[in-house]
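# Observations on the model geometry
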Amino acid sequence: MSDERLFPKTVDEVILEKIRFFFLPDRTAAFVKNLVEGKVSERSLICCNSGCDVCNETIYNCYMAVKKELENT
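Residues numbered from 1 in each chain as written. Predicted model: local features only at pLDDT ≥ 70, side-chain atom pairs only at ≥ 80, totals over all residues. Heavy atoms only, no water.

## Thoughts on the nonpolar core
Across soluble globular proteins, you tend to see nonpolar side chains buried next to one another. Filter applied, for reference: Definition used in this section: a nonpolar core is a set of buried Ala, Val, Leu, Ile, Met, Phe, Trp, Tyr and Cys residues joined via side-chain atoms within 4.5 Å. Throughout, exposure labels follow a simple rule: accessible area from a 1.4 Å probe, protein chains only, divided by the maximum for the residue type, with under 20% read as buried, over 50% as exposed, and the rest as partly exposed. Helix and strand labels come from DSSP, where a helix needs a run of H or I of at least four residues and a strand needs a run of E of at least two; each type is numbered from the N terminus. Here, residues are in contact when the closest pair of their heavy atoms is within 4.5 Å.
Core analysis: the biggest nonpolar cluster contains 13 residues, and Ile 15, Ile 19, Leu 24, Val 32, Ile 59 and Val 66 have the highest contact counts within it. Listed by contribution, the elements that provide at least two residues to this core are helix 1 (11–21), helix 2 (29–36) and helix 3 (56–71). If we skip the residues at most four places from it in the chain, Ile 59 touches Leu 24, Phe 31, Val 32, Leu 35, Leu 45 and Val 54.

Laid out in structure tokens, this is it:
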């Protein structure tokens, strides 16, 4: 599916799209943006199997999808 746009998606648009794709709450967008900007280490995103309401592993997968899309633009 081709998305015909005059301008490419912004980082925030890409993040929000991926957040919703992974069924994460919108509140995690700021955290993912901090990952993209290098303010938070991606090494901290390991599933600890403690039953977090938002699993770090899911956030990591979302972050990797964001990173991949941004690299392809």
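## Observations regarding unusual backbone geometry
Residue Phe 23 is not a glycine yet carries a positive backbone phi of 55 degrees. Inspection of the secondary structure assignment puts Phe 23 in the loop between helix 1 and helix 2. Phe 23 sits in the exposed class, given a relative accessible area of 76%. The backbone phi angle of Asn 49 is positive, close to 55 degrees, even though this residue is not glycine.

## Things to note about the packing of aromatic side chains
Going by this rule: Pairing of aromatic rings covers Phe, Tyr and Trp, the last counted by its six-membered ring, and requires centre-to-centre distances within 6.5 Å; plane angles under 30 degrees mean stacked, over 60 mean edge-to-face, and any other angle means tilted.
Scanning all chains against the criterion turns up one aromatic pair. Geometrically, the ring pair formed by Phe 21 and Phe 22 is edge-to-face, given 5.2 Å between the ring centres and 80 degrees between the ring planes.

Nothing here speaks to function; it is all geometry.
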